[in-house]
Amino acid sequence: MVEWSDSERKTIASVWGKIKVDKIGPQTLARVLIVYPWTQRYFGSFGNLSSASAVLANLKVANHGKTVLNALDKAVKNLDGIKATYSELSQLHCNTLNVDPDNFRLLADCLTIVVATSFRSEFNPAVQATWQKFLSVVVAALSSRYH
Amino acid sequence: MSLSAKDKATVKGFWAKIAGKADDIGQDALSRMLVVYPQTKTYFAHWKDLSPGSAPVRKHGATVMGGVAEAVSKIDDLTSGLLNLSELHAFQLRVDPANFKILSHNILVVLATMFPNDFTPEVHVSMDKFLSALALALAEKYR
(Lines give C-alpha, C1' and ligand atoms only; values in the text may rest on other atoms or scores of the structure.)
Protein backbone atom coordinates (compact mmCIF):
# COMPACT_ATOMS: atom_id res chain seq x y z
CA MET A 1 0.00 0.00 0.00
CA VAL A 2 1.53 3.32 -1.08
CA GLU A 3 1.95 5.92 1.64
CA TRP A 4 1.70 9.60 0.82
CA SER A 5 2.81 12.31 3.23
CA ASP A 6 0.74 15.50 3.48
CA SER A 7 3.56 17.34 1.76
CA GLU A 8 3.54 14.84 -1.14
CA ARG A 9 -0.23 15.10 -1.53
CA LYS A 10 0.05 18.88 -1.64
CA THR A 11 2.86 18.78 -4.18
CA ILE A 12 1.06 16.40 -6.51
CA ALA A 13 -2.16 18.42 -6.40
CA SER A 14 -0.24 21.64 -6.95
CA VAL A 15 1.78 20.35 -9.92
CA TRP A 16 -1.30 18.76 -11.51
CA GLY A 17 -3.29 21.93 -10.96
CA LYS A 18 -0.78 23.93 -12.97
CA ILE A 19 -0.43 21.46 -15.83
CA LYS A 20 -2.24 22.62 -18.95
CA VAL A 21 -3.34 19.25 -20.33
CA ASP A 22 -4.10 20.65 -23.78
CA LYS A 23 -0.52 21.85 -24.08
CA ILE A 24 1.44 19.27 -22.09
CA GLY A 25 -0.45 16.21 -23.37
CA PRO A 26 0.35 16.75 -27.06
CA GLN A 27 3.97 17.74 -26.29
CA THR A 28 4.48 14.63 -24.20
CA LEU A 29 3.14 12.12 -26.69
CA ALA A 30 5.04 13.87 -29.51
CA ARG A 31 8.26 13.53 -27.53
CA VAL A 32 7.63 9.84 -26.90
CA LEU A 33 7.17 9.22 -30.64
CA ILE A 34 10.26 11.29 -31.54
CA VAL A 35 12.66 10.26 -28.77
CA TYR A 36 11.62 6.58 -28.79
CA PRO A 37 10.56 6.07 -32.41
CA TRP A 38 9.77 2.36 -31.98
CA THR A 39 6.70 3.47 -30.02
CA GLN A 40 5.22 4.51 -33.36
CA ARG A 41 4.33 0.84 -33.82
CA TYR A 42 1.12 1.49 -31.89
CA PHE A 43 0.00 4.37 -34.06
CA GLY A 44 -0.12 3.02 -37.59
CA SER A 45 -3.45 4.76 -38.17
CA PHE A 46 -2.22 8.20 -37.16
CA GLY A 47 -0.85 9.22 -40.56
CA ASN A 48 2.41 11.07 -41.07
CA LEU A 49 4.93 10.41 -38.29
CA SER A 50 7.95 10.43 -40.60
CA SER A 51 9.80 13.36 -39.03
CA ALA A 52 9.88 15.32 -35.79
CA SER A 53 8.04 18.23 -37.42
CA ALA A 54 5.42 15.86 -38.85
CA VAL A 55 4.83 14.35 -35.41
CA LEU A 56 4.59 17.78 -33.80
CA ALA A 57 2.06 18.92 -36.42
CA ASN A 58 0.00 15.73 -36.32
CA LEU A 59 -3.53 16.39 -35.00
CA LYS A 60 -4.19 12.76 -34.09
CA VAL A 61 -1.06 12.76 -31.95
CA ALA A 62 -2.16 15.99 -30.29
CA ASN A 63 -5.65 14.70 -29.54
CA HIS A 64 -4.41 11.39 -28.25
CA GLY A 65 -1.86 13.19 -26.08
CA LYS A 66 -4.74 15.06 -24.44
CA THR A 67 -6.68 11.82 -23.92
CA VAL A 68 -3.72 10.10 -22.27
CA LEU A 69 -2.85 12.99 -20.00
CA ASN A 70 -6.45 13.62 -18.98
CA ALA A 71 -6.53 10.06 -17.68
CA LEU A 72 -3.99 11.05 -15.01
CA ASP A 73 -6.66 13.12 -13.33
CA LYS A 74 -8.26 9.98 -11.88
CA ALA A 75 -5.01 9.09 -10.14
CA VAL A 76 -4.47 12.58 -8.75
CA LYS A 77 -8.01 12.58 -7.32
CA ASN A 78 -7.58 9.08 -5.91
CA LEU A 79 -4.03 8.81 -4.56
CA ASP A 80 -4.96 6.08 -2.09
CA GLY A 81 -6.54 3.84 -4.71
CA ILE A 82 -4.48 4.23 -7.87
CA LYS A 83 -4.14 0.50 -8.47
CA ALA A 84 -7.89 -0.06 -8.41
CA THR A 85 -8.48 3.11 -10.40
CA TYR A 86 -6.45 1.81 -13.33
CA SER A 87 -7.45 -1.84 -13.17
CA GLU A 88 -9.63 -1.65 -16.28
CA LEU A 89 -7.20 0.55 -18.20
CA SER A 90 -4.46 -1.95 -17.40
CA GLN A 91 -6.51 -4.80 -18.81
CA LEU A 92 -7.33 -2.74 -21.88
CA HIS A 93 -3.67 -2.00 -22.56
CA CYS A 94 -2.73 -5.65 -22.13
CA ASN A 95 -5.59 -7.51 -23.79
CA THR A 96 -6.86 -5.12 -26.45
CA LEU A 97 -4.09 -2.65 -27.19
CA ASN A 98 -1.24 -5.13 -26.65
CA VAL A 99 1.07 -2.37 -25.44
CA ASP A 100 4.46 -3.35 -23.99
CA PRO A 101 4.27 -1.98 -20.42
CA ASP A 102 7.80 -0.61 -20.71
CA ASN A 103 6.18 2.12 -22.76
CA PHE A 104 4.43 3.44 -19.64
CA ARG A 105 7.87 4.14 -18.19
CA LEU A 106 8.96 5.90 -21.41
CA LEU A 107 5.84 8.08 -21.35
CA ALA A 108 6.40 8.89 -17.67
CA ASP A 109 9.99 9.97 -18.40
CA CYS A 110 8.91 12.20 -21.29
CA LEU A 111 6.12 13.70 -19.19
CA THR A 112 8.63 14.52 -16.46
CA ILE A 113 10.87 16.25 -18.99
CA VAL A 114 8.00 18.24 -20.54
CA VAL A 115 6.84 19.28 -17.06
CA ALA A 116 10.45 20.33 -16.38
CA THR A 117 10.48 22.58 -19.47
CA SER A 118 7.23 24.14 -18.32
CA PHE A 119 7.89 24.56 -14.61
CA ARG A 120 11.68 25.16 -14.83
CA SER A 121 13.31 25.92 -11.45
CA GLU A 122 9.97 25.46 -9.68
CA PHE A 123 10.42 21.77 -10.57
CA ASN A 124 13.11 21.43 -7.92
CA PRO A 125 14.66 18.13 -6.70
CA ALA A 126 12.02 17.59 -3.97
CA VAL A 127 9.14 18.25 -6.36
CA GLN A 128 10.77 16.00 -8.95
CA ALA A 129 11.10 13.21 -6.38
CA THR A 130 7.41 13.40 -5.44
CA TRP A 131 6.27 13.68 -9.04
CA GLN A 132 8.35 10.69 -10.12
CA LYS A 133 7.09 8.67 -7.13
CA PHE A 134 3.53 9.46 -8.24
CA LEU A 135 4.23 8.46 -11.85
CA SER A 136 5.94 5.23 -10.78
CA VAL A 137 2.78 4.27 -8.87
CA VAL A 138 0.71 5.05 -11.97
CA VAL A 139 3.05 2.98 -14.13
CA ALA A 140 2.87 0.05 -11.70
CA ALA A 141 -0.94 0.26 -11.65
CA LEU A 142 -1.15 0.24 -15.44
CA SER A 143 1.12 -2.80 -15.50
CA SER A 144 -0.72 -4.60 -12.70
CA ARG A 145 -3.26 -6.55 -14.79
CA TYR A 146 -0.78 -7.77 -17.39
CA HIS A 147 -0.52 -11.48 -17.84
CA MET B 1 21.47 2.80 -31.81
CA SER B 2 24.63 4.56 -32.99
CA LEU B 3 25.04 8.29 -33.38
CA SER B 4 24.25 9.60 -36.86
CA ALA B 5 26.07 12.57 -38.35
CA LYS B 6 22.97 14.59 -37.55
CA ASP B 7 23.04 13.46 -33.92
CA LYS B 8 26.70 14.45 -33.56
CA ALA B 9 26.07 17.87 -35.12
CA THR B 10 23.05 18.39 -32.87
CA VAL B 11 24.97 17.41 -29.74
CA LYS B 12 27.92 19.64 -30.62
CA GLY B 13 25.65 22.56 -31.45
CA PHE B 14 23.65 22.20 -28.25
CA TRP B 15 26.80 21.70 -26.19
CA ALA B 16 28.20 24.98 -27.52
CA LYS B 17 25.10 26.73 -26.14
CA ILE B 18 25.19 25.09 -22.72
CA ALA B 19 28.90 24.58 -22.02
CA GLY B 20 29.12 27.83 -20.09
CA LYS B 21 26.64 26.45 -17.56
CA ALA B 22 28.25 23.00 -17.34
CA ASP B 23 29.10 23.31 -13.64
CA ASP B 24 25.55 24.39 -12.75
CA ILE B 25 24.12 21.56 -14.84
CA GLY B 26 26.37 19.01 -13.15
CA GLN B 27 25.59 20.25 -9.66
CA ASP B 28 21.84 20.29 -10.31
CA ALA B 29 21.79 16.87 -12.00
CA LEU B 30 23.77 15.25 -9.20
CA SER B 31 21.60 16.94 -6.54
CA ARG B 32 18.47 15.61 -8.19
CA MET B 33 19.92 12.13 -8.55
CA LEU B 34 20.71 11.94 -4.83
CA VAL B 35 17.22 13.16 -3.86
CA VAL B 36 15.07 11.39 -6.45
CA TYR B 37 17.03 8.10 -6.40
CA PRO B 38 18.24 7.83 -2.80
CA GLN B 39 19.92 4.49 -3.44
CA THR B 40 22.62 6.42 -5.33
CA LYS B 41 23.72 7.95 -2.03
CA THR B 42 25.39 4.63 -1.23
CA TYR B 43 28.32 5.69 -3.42
CA PHE B 44 28.91 8.89 -1.47
CA ALA B 45 28.87 7.76 2.16
CA HIS B 46 32.27 9.42 2.53
CA TRP B 47 30.87 12.89 1.85
CA LYS B 48 29.98 15.15 4.76
CA ASP B 49 27.04 16.77 3.05
CA LEU B 50 24.82 15.18 0.40
CA SER B 51 22.21 17.94 0.26
CA PRO B 52 21.42 19.71 -3.01
CA GLY B 53 24.02 22.34 -3.84
CA SER B 54 26.46 21.31 -1.11
CA ALA B 55 30.20 21.77 -1.64
CA PRO B 56 31.02 18.12 -2.42
CA VAL B 57 28.01 17.94 -4.76
CA ARG B 58 29.10 21.11 -6.58
CA LYS B 59 32.66 19.86 -6.94
CA HIS B 60 31.65 16.43 -8.16
CA GLY B 61 29.03 17.83 -10.53
CA ALA B 62 31.79 19.82 -12.19
CA THR B 63 33.98 16.73 -12.41
CA VAL B 64 31.21 14.72 -14.05
CA MET B 65 30.46 17.44 -16.59
CA GLY B 66 34.16 17.63 -17.37
CA GLY B 67 33.83 14.01 -18.43
CA VAL B 68 30.79 14.86 -20.56
CA ALA B 69 32.74 17.67 -22.22
CA GLU B 70 35.54 15.25 -23.00
CA ALA B 71 33.00 12.87 -24.48
CA VAL B 72 31.63 15.62 -26.74
CA SER B 73 35.13 16.28 -28.06
CA LYS B 74 35.63 12.56 -28.70
CA ILE B 75 32.16 11.92 -30.04
CA ASP B 76 33.48 10.18 -33.16
CA ASP B 77 34.98 7.35 -31.10
CA LEU B 78 33.68 7.29 -27.58
CA THR B 79 34.92 3.79 -26.77
CA SER B 80 38.60 4.54 -27.32
CA GLY B 81 38.28 8.17 -26.32
CA LEU B 82 36.91 7.33 -22.88
CA LEU B 83 39.12 4.29 -22.18
CA ASN B 84 40.75 5.88 -19.13
CA LEU B 85 37.41 6.89 -17.66
CA SER B 86 36.08 3.43 -18.32
CA GLU B 87 38.99 1.84 -16.48
CA LEU B 88 38.46 4.24 -13.59
CA HIS B 89 34.77 3.32 -13.30
CA ALA B 90 35.35 -0.40 -13.85
CA PHE B 91 38.27 -1.06 -11.54
CA GLN B 92 38.22 1.66 -8.94
CA LEU B 93 34.81 3.24 -8.64
CA ARG B 94 32.85 0.13 -9.58
CA VAL B 95 29.62 2.05 -9.98
CA ASP B 96 26.80 -0.23 -11.05
CA PRO B 97 26.26 0.75 -14.71
CA ALA B 98 22.50 0.94 -14.11
CA ASN B 99 23.25 4.23 -12.42
CA PHE B 100 24.56 5.79 -15.64
CA LYS B 101 20.99 5.72 -16.92
CA ILE B 102 19.75 7.37 -13.75
CA LEU B 103 22.27 10.20 -13.94
CA SER B 104 21.60 10.65 -17.67
CA HIS B 105 17.88 11.06 -16.97
CA ASN B 106 18.60 13.74 -14.40
CA ILE B 107 20.95 15.55 -16.77
CA LEU B 108 18.12 15.62 -19.32
CA VAL B 109 15.68 16.97 -16.71
CA VAL B 110 18.13 19.76 -15.83
CA LEU B 111 18.62 20.61 -19.50
CA ALA B 112 14.83 20.80 -19.81
CA THR B 113 14.52 23.20 -16.88
CA MET B 114 17.46 25.38 -17.90
CA PHE B 115 17.04 25.45 -21.69
CA PRO B 116 13.33 24.82 -22.31
CA ASN B 117 13.30 26.42 -25.75
CA ASP B 118 16.54 24.89 -27.01
CA PHE B 119 15.84 21.44 -25.61
CA THR B 120 13.48 20.56 -28.46
CA PRO B 121 12.37 16.97 -29.14
CA GLU B 122 15.13 16.69 -31.79
CA VAL B 123 17.79 17.86 -29.36
CA HIS B 124 16.28 15.60 -26.70
CA VAL B 125 16.59 12.44 -28.81
CA SER B 126 20.17 13.23 -29.89
CA MET B 127 21.26 14.04 -26.34
CA ASP B 128 19.57 10.89 -25.01
CA LYS B 129 21.37 8.80 -27.62
CA PHE B 130 24.67 10.55 -26.86
CA LEU B 131 24.39 9.97 -23.10
CA SER B 132 23.47 6.32 -23.75
CA ALA B 133 26.53 5.92 -26.00
CA LEU B 134 28.63 7.63 -23.35
CA ALA B 135 27.34 5.23 -20.70
CA LEU B 136 28.11 2.29 -22.94
CA ALA B 137 31.68 3.51 -23.48
CA LEU B 138 32.04 3.98 -19.73
CA ALA B 139 30.95 0.40 -19.12
CA GLU B 140 33.35 -0.97 -21.76
CA LYS B 141 35.96 -2.27 -19.31
CA TYR B 142 33.56 -3.64 -16.69
CA ARG B 143 33.81 -7.26 -17.75
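Residues numbered from 1 in each chain as written. Chains lettered and ligands numbered in written order. Predicted model: local features only at pLDDT ≥ 70, side-chain atom pairs only at ≥ 80, totals over all residues. Heavy atoms only, no water.

- Looking up chain B in an unreviewed UniProt entry gives the name Hemoglobin embryonic subunit alpha, with the organism given as Carassius auratus.
- The Sequence similarities (unreviewed entry) comment attached to chain B in UniProt states, word for word, "Belongs to the globin family." (UniProt positions renumbered as here; feature names shortened; annotations may be inferred.)

- An unreviewed UniProt entry annotates chain A as Hemoglobin cathodic subunit beta-like of Carassius auratus.
- Under the UniProt heading Sequence similarities (unreviewed entry), the entry covering chain A gives this text: "Belongs to the globin family."

## Side note on the UniProt feature "domain: Globin" (unreviewed entry) in chain B
Working step 1: UniProt feature "domain: Globin" (unreviewed entry): in the numbering of this structure it lies at residues 2-143 of chain B.
Working step 2: Annotated as residues 2-143 of chain B, this span is 69% helix and 0% strand, and its ends, taken at the C-alpha atoms, are 21 Å apart. (Helix = DSSP H or I, 4+ residues; strand = E, 2+ residues; numbered from the N terminus.)

## Notes on helix 6 (residues 98-114) of chain B
An α-helical turn contains 3.6 residues, so a residue and the one three or four places further along point in the same direction.
Working step 1: In a regular helix each residue adds 1.5 Å, so 17 residues correspond to 24 Å; helix 6 of chain B covers 25 Å between its end C-alpha atoms and thus fits that length.
Working step 2: In terms of residue burial, helix 6 of chain B counts as a mostly covered element, since 14 of its 17 residues are buried. (Expected span 1.5 Å × (residues − 1). Buried < 20%, exposed > 50% of the residue type's maximum accessible area, 1.4 Å probe, protein only.)

## A word on the interface of chain B and chain A
Working step 1: Facing 21 residues of chain B, the contacting portion of chain A comprises 21 residues.
Working step 2: Across the chain B/chain A interface, buried area totals approximately 1,800 Å², and carbon plus sulfur atoms make up 65% of it.
Working step 3: When the buried area of chain B at its contact with chain A is split by residue, R32(B), P121(B) and H124(B) rank highest and sum to 27% of it.
Working step 4: Remark: the boundary between chain B and chain A carries 0 salt bridges.
Working step 5: Here chain B and chain A share 9 residue pairs in polar contact (both at pLDDT 80 or more) between them.
Working step 6: Elements with a minimum of two residues in the side of chain B that touches chain A: helix 2 (22-36), helix 6 and helix 7 (121-138) of chain B.
Working step 7: If one sorts the elements of the side of chain B that touches chain A by residue count, helix 6 of chain B sits on top with 7 residues. (Contact = heavy atoms within 4.5 Å. Buried area = accessible area lost by both parts, 1.4 Å probe. Salt bridge = Lys/Arg side-chain N within 4 Å of Asp/Glu carboxyl O. Polar contact = N/O pair within 3.5 Å; in protein donor to acceptor, adjacent residues only side chain to side chain.)

## Let's talk about the packing of aromatic side chains
All names here are of chain A.
Working step 1: Evaluated as defined, the whole model comprises 8 aromatic pairs over all chains.
Working step 2: Between F104 and Y146, the aromatic rings sit 6.1 Å apart at their centres with planes inclined by 80 degrees, giving edge-to-face as the arrangement. Highlighted residues: F104 in helix 8 (residues 102-119) and Y146 in the segment after helix 9 (125-143), separated in sequence by 42 residues.
Working step 3: Note on F104: relative accessible area 9%, which makes it buried.
Working step 4: Geometrically, the ring pair formed by W131 and F134 is tilted, given 5.6 Å between the ring centres and 45 degrees between the ring planes. Placement of both W131 and F134 in helix 9 is noted, with a separation of 3 residues, approximately one turn of the helix. (Phe/Tyr/Trp six-rings, centres within 6.5 Å; stacked < 30°, edge-to-face > 60°.)

## Observations regarding the packing of helix 2 (residues 21-35) of chain A against helix 7 of chain B
Packed helix pairs are characterised by how far apart their axes lie and by the angle those axes make with each other.
Working step 1: With their axes 9 Å apart at the nearest point, helix 2 of chain A and helix 7 of chain B run at an angle of 45 degrees to one another. Considered as vectors, helix 2 of chain A and helix 7 of chain B are oriented oblique to each other. Judged by the sense of rotation from one axis to the other, the crossing of helix 2 of chain A with helix 7 of chain B is right-handed. Residues R31(A), I34(A) and V35(A) of helix 2 of chain A form the contact with helix 7 of chain B, whose own contacting residues are P121(B), H124(B), V125(B) and D128(B).
Working step 2: Class assignment of the residues belonging to the contact of helix 2 of chain A with helix 7 of chain B gives a composition of 4 nonpolar, 1 polar and 2 charged. (Axes fitted to C-alpha atoms, helices over the stretch in contact; angles between N-to-C directions. Parallel < 35°, antiparallel > 145°, perpendicular 65-115°, else oblique. Left-handed = near helix turned anticlockwise from the far one by under 90°. Nonpolar A, V, L, I, M, F, W, Y, C, P; charged D, E, K, R; others polar.)

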